Amino acid sequence: MVKLKFIDNLIEILPFKDSIWEILLLCDKDFYPPLSSRENNPLGPINYFECLFTDTSKFILALDESKLVGFSIFYHNYYEDLIAKYTPCNYVKIACVHPEYRGQKIASKFNRFIEQKLPDDLILPFIVRRTWSSNFPQMRLLKNYGYTLFHMFENDRGDDISTVYFAKCIQPIEVIS
């Protein structure tokens with residue numbers, strides 16, 4: 001049975017880092033364009049991988065016994081000008097599931113965890129994530145989970161393939177009058 005484990009610091013994630021790399025390589029071509037092609041590195045998306053481990057990174061791991069079978073990484077209290085309207089937020093950077101474990105709703109469990117089970121001190125008003133416009137299953141899933149499309153970079157990933165940003169309000173913002 002697959003269980004989730006939440007890790008909120010860079011020290012405790014170290015024993016899992018090699019396994020995260022292995023799963024990232026297995027999922028490389030699931031992204032458009034593939035992560036490795038963005039760096040033109042025959043060894044894989046090394047720079048992308050290293051950038052996942054920041055002081056604001058939080059990790060949700062899917063474990064079958066002690067074997068890592070998937071992960072999701074989000075940046076807590078993330079900000080960039082493009083998403084300013086949807087901050088403060090937890091920005092979901094990536095989610096990957098080992099191909100042999102797909103179809104078990106692990107990605108949905110990652111979503112539910114970040115939306116409903118985070119420690120209180122990590123809950124923020126918004127969750128923001130991005131994908132690409134031809135990733136129809138992901139876009140459908142986000143819409144079904146109540147996410148709203150708020151920005152699109154038209155054709156930036158190729159002909160008729162755009163980067164799309166989604167946001168979801170997790171808690172009402174308190175208005176002070």
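Quick caveat: nothing in here was measured; it's all calculated off a predicted structure.

Reading guide: rules and limits
Residues numbered from 1 in each chain as written. Predicted model: local features only at pLDDT ≥ 70, side-chain atom pairs only at ≥ 80, totals over all residues. Heavy atoms only, no water. Helix = DSSP H or I, 4+ residues; strand = E, 2+ residues; numbered from the N terminus. Rg over C-alpha atoms; globule rule 2.2 N^0.38 Å. Buried < 20%, exposed > 50% of the residue type's maximum accessible area, 1.4 Å probe, protein only. Phe/Tyr/Trp six-rings, centres within 6.5 Å; stacked < 30°, edge-to-face > 60°. Lys NZ or Arg CZ within 6 Å of the ring centre and 35° of its normal. 1 Å grid on protein atoms, 1.4 Å probe; cavity = no way out; pocket = protein on both sides within 12 Å on 5 of 7 lines; lining within 4 Å. Points joined across faces, edges and corners; volume = space filled by probe spheres on them. Nonpolar A, V, L, I, M, F, W, Y, C, P; charged D, E, K, R; others polar. Arc of directions from axis to C-beta. Contact = heavy atoms within 4.5 Å. Pairing = 2+ DSSP bridges. Axes fitted to C-alpha atoms, helices over the stretch in contact; angles between N-to-C directions.

Peer 1: Honestly, the overall build of the chain in this entry has me stumped. Any pointers?
Peer 2: When helices and strands are tallied, the chain shows six helices and seven strands. When the helices and strands of the chain are read in sequence order from the N terminus, they spell out β-α-α-α-α-β-β-β-α-β-α-β-β. A globule of 177 residues ought to have a C-alpha radius of gyration of about 16 Å, and the chain, at 16 Å, matches this closely. Expressed as a percentage of its 177 residues, the buried residues of the chain come to 45%.

Peer 1: For this particular structure, what's the right way to read the packing of aromatic side chains?
Peer 2: Aromatic ring pairs: the centre-centre distance and the angle between the two ring planes describe each pair. Overall, the coordinates contain 13 aromatic pairs when judged by the stated rule. Pairing Tyr75 with Tyr78 gives two aromatic rings, centres 5.8 Å apart and planes at 35°, and the pair type is tilted. The class for Tyr75 is buried, based on a relative accessible area of 8%. One aromatic cluster is present, built from ring pairs that chain together Tyr86, Phe126, Phe150, Phe153 and Tyr165. Positioned above the aromatic ring of Phe53 is the side chain of Lys17, whose terminal nitrogen or guanidinium carbon lies 4.5 Å from the ring centre. The ring of Tyr147 carries the charged tip of Arg129 above its face, separated from the ring centre by 5.7 Å.

Peer 1: For this particular structure, what's the right way to read the layout of surface pockets?
Peer 2: The probe, sized like a water molecule, is rolled over the atoms to show the empty space still left. Its boundaries defined by the atoms lining it, the largest pocket holds a volume of some 830 Å³. Lining the largest pocket are 33 residues; nearest its centre among them are Phe31, Ala95, Ala107, Asn135 and Gln138. At the level of elements, α3 (35-39), β4 (89-97), α5 (106-117), β5 (126-132) and α6 (136-144) are the ones that each hand at least two residues to the lining of the largest pocket. Sorting elements by how many residues they give to the lining of the largest pocket places β4 first, with seven residues. Class assignment of the residues belonging to the lining of the largest pocket gives a composition of 17 nonpolar, eight polar and eight charged.

Peer 1: Sorry if this is basic, but what is going on with helix α2 (residues 17-27) here?
Peer 2: Owing to its 3.6 residues per turn, the α-helix brings residues three or four apart onto one side. Regarding α2, the residues found buried are Ile20, Ile23, Leu24 and Cys27. Down the axis of α2, the buried side of the element spans an arc of 105°, and every buried residue falls inside it. If you follow the buried residues of α2, they end up packed against α1 (10-13), α3, α4 (46-51), β2 (57-64), β3 (67-78) and β4.

Peer 1: Can you help me understand the sheet that holds β2 in this one?
Peer 2: By definition, the strands of a sheet pair up through backbone hydrogen bonds, in either a parallel or an antiparallel sense. Taking strand neighbours across the sheet as the criterion, the seven strands line up as β1-β2-β3-β4-β5-β7-β6 in an open arrangement whose pairing is mixed. A single partner strand is all that each edge strand has here, and the edge strands are β1 (2-7) and β6 (148-153). Between one strand axis and the next, the sheet turns by 25° as a mean value, whatever way the strands run. Strand direction decides the pairing type here: β6 and strand β7 (residues 163-169), joined by five bridges, are antiparallel.

Peer 1: Any chance you could explain unusual backbone geometry here in plain terms?
Peer 2: Among all residues except glycine, the phi angle is most often negative; among peptide bonds, the trans geometry is most common. The omega angle of the peptide bond from Tyr32 to Pro33 is -10°, so this bond is cis rather than trans. Mapped onto the elements, Pro33 comes out in the loop between α2 and α3. The linkage connecting Thr87 with the following residue, Pro88, adopts the cis geometry, with an omega of 5°. Examined against the element boundaries, Pro88 turns out to sit in the loop between β3 and β4.

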